[in-house]
Amino acid sequence: MSTTELPASHAELMDGVYRWQRHIYDLTRKYYLLGRDKLISGLDAPPDGTVLELGCGTGRNIILAARAYPDARFYGLDISTEMLETAGAAVAREGLSGRVMLARGDATDFNAKALFEQASFDRVFVSYSLSMIPGWEKTVSAALAALAPGGSLHVVDFGQQEGLPRWFRALLRGWLKKFHVTPRESLRDVLESEAERTGATFHFRTLYRGYTWLAVIKVRHPTSRR
């Protein structure tokens with residue numbers, strides 16, 4: 001999908017939400033986007049491997065991942081021009097432009113070869129983006145389709161706060177709604193179903209009494225035994 005074909009309504013919405021928020025995004029989100037560093041530490045990117053982040057935002061995660069796995073190459077995709085401007089500046093500041101490539105695209109429908117000249121990836125990760133993407137289930141399918149044999153998809157996002165008080169859940173959801181964020185009640189079921197469909201293994205963890213859900217889908221290598 002070319003940048004000119006991006007769904008204007010959602011792209012414009014995200015640009016509107018983050019035109020100013022992007023300047024304080026990382027400072028404020030560190031207090032409630034929990035589990036992101038656990039996802040990064042679990043990537044286990046192979047030497048000379050390729051890693052794609054869908055919904056790379058300000059570049060915070062992709063920069064930390066690039067530092068953690070200095071022999072891998074990284075690719076980031078986001079629908080918001082505003083966020084990509086911030087991410088690009090941050091990547092350049094960190095001296096990572098040679099290993100991190102960013103592009104504007106729709107995480108539900110993208111052509112990795114056209115955007116990055118890279119058809120598949122050893123790791124794909126999505127951090128707190130599925131809860132913002134209309135048709136987020138398509139992002140899961142697109143991410144799995146972009147994996148190389150033996151690769152893995154890593155997802156961290158809001159859970160259902162199942163172990164937390166009802167008043168806390170109500171306050172959190174009210175706050176998130178201001179930023180067009182909706183925790184996906186069916187996230188676990190969709191991920192597990194996609195893992196079964198593709199013959200992949202599925203690992204799921206709840207963190208902080210259900211505040212955060214962390215999942216990994218690992219596709220099998222064609223030569224591996226079931």
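These numbers come from a predicted model, not from an experiment.

Notes on the packing of aromatic side chains
Across all of its chains, the model carries 10 aromatic pairs by this definition. Between the aromatic rings of Phe 158 and Tyr 211, the centroid separation amounts to 5.8 Å while the plane-to-plane angle is 70°, which identifies the pairing as edge-to-face. Here Phe 158 is found in strand β5 (residues 147-158), whereas its partner Tyr 211 is found in the loop between β6 (201-207) and β7 (212-218), with 53 residues between them in sequence. By relative accessible area, Phe 158 is classed as buried at 2%. Taking relative accessible area as the criterion, Tyr 211 reaches 6% and is therefore assigned buried. Their ring planes at 65° and their centres at 5.1 Å tell us that Trp 175 and Phe 179 sit as a pair that is edge-to-face. With a relative accessible area of 39%, Trp 175 lands in the partly exposed category. An aromatic cluster of three or more residues is present, and its members are Tyr 128, Phe 158, Trp 167, Phe 168 and Tyr 211.

Brief notes about the sheet that holds strand β1 (residues 50-54)
If you walk across this open sheet you meet the 7 strands as β3-β2-β1-β4-β5-β7-β6, and the pairing is mixed. Edge positions in the open sheet fall to β3 (100-104) and β6, since each of these has one partner strand only. The average undirected angle you get between the axes of adjacent strands in this sheet is 15°. Two strands pair when backbone bridges link them, and β1 and strand β2 (residues 73-78) are joined in this way by 5 bridges, in the parallel orientation. Each bridged residue has a counterpart across the sheet, and for Val 51 the counterpart in β2 is Phe 74. Lying over the sheet, helix α5 (residues 81-93) contacts β2 and β3, oriented at roughly 170° with respect to β3. Contacts from helix α9 (residues 187-198) reach β5, β6 and β7 within the one sheet, and its direction differs from that of β6 by about 165°.

A word on the environment of Leu 43
Within the fold, Leu 43 resides in the loop between α3 (36-41) and β1. The spatial distance from the C-alpha of Leu 43 to the C-alpha of Phe 125 is 8.3 Å, given a sequence separation of 82 residues. Setting aside residues up to four positions removed in sequence, Leu 43 forms contacts with Val 51, Ala 65, Tyr 69, Arg 123, Phe 125 and His 154.

Describing α5
Helix length check: α5, at 13 residues, gives a terminal C-alpha distance of 18 Å against a target of 18 Å (1.5 Å per residue), a fit within 8%. When α5 is considered as a whole, its buried residues turn out to be Glu 82, Met 83, Leu 84, Thr 86, Ala 87, Ala 90 and Val 91. At the N-terminal end of α5, a side-chain oxygen is found 3.3 Å from the backbone nitrogen of Glu 82, two or three residues along, and the residue is Ser 80. Downstream of α5 by one or two residues, Gly 95 has phi in the positive range, about 70°.

A closer look at the pairing of β7
Where burial is concerned, most of β7 is hidden: 5 out of the 7 residues are buried. Where β5 lies against β7, 7 bridges are found, and the strand directions are antiparallel. Directly across from His 154, in β7, lies its bridge partner Val 216. In the sheet, β6 pairs with β7 via 7 bridges, with the strands oriented antiparallel. What sits directly across from His 203, in β7, is Val 216. Between the antiparallel neighbours β6 and β7 lie 4 residues, among them Tyr 208 with a positive phi of about 55°.

Quick notes on the side chain of Gln 161
With respect to the helices and strands, the residue Gln 161 is situated in the loop between β5 and α8 (166-177). With near-sequence residues (within four places) excluded, Gln 161 lies in contact with Arg 169, Leu 172, Arg 173, Pro 183, Arg 209, Gly 210 and Tyr 211.

Structural notes on the pattern of salt bridges
Per the counting criterion, the structure on display carries 3 salt bridges. A salt bridge links Arg 60 to Asp 37; its shortest N-O distance comes to 3.0 Å. Taken together, the positions of Arg 60 in helix α4 (residues 60-68) and Asp 37 in helix α3 put the pair 23 residues apart, joining distant regions of the chain. With a closest N to O distance of 2.8 Å, Arg 197 and Glu 194 form a salt bridge. Placement of both Arg 197 and Glu 194 in helix α9 is noted, with a separation of 3 residues, approximately one turn of the helix.

Calculation notes
- Residues numbered from 1 in each chain as written.
- Predicted model: local features only at pLDDT ≥ 70, side-chain atom pairs only at ≥ 80, totals over all residues.
- Heavy atoms only, no water.
- Phe/Tyr/Trp six-rings, centres within 6.5 Å; stacked < 30°, edge-to-face > 60°.
- Helix = DSSP H or I, 4+ residues; strand = E, 2+ residues; numbered from the N terminus.
- Buried < 20%, exposed > 50% of the residue type's maximum accessible area, 1.4 Å probe, protein only.
- Pairing = 2+ DSSP bridges.
- Axes fitted to C-alpha atoms, helices over the stretch in contact; angles between N-to-C directions.
- Contact = heavy atoms within 4.5 Å.
- Expected span 1.5 Å × (residues − 1).
- Polar contact = N/O pair within 3.5 Å; in protein donor to acceptor, adjacent residues only side chain to side chain.
- Salt bridge = Lys/Arg side-chain N within 4 Å of Asp/Glu carboxyl O.

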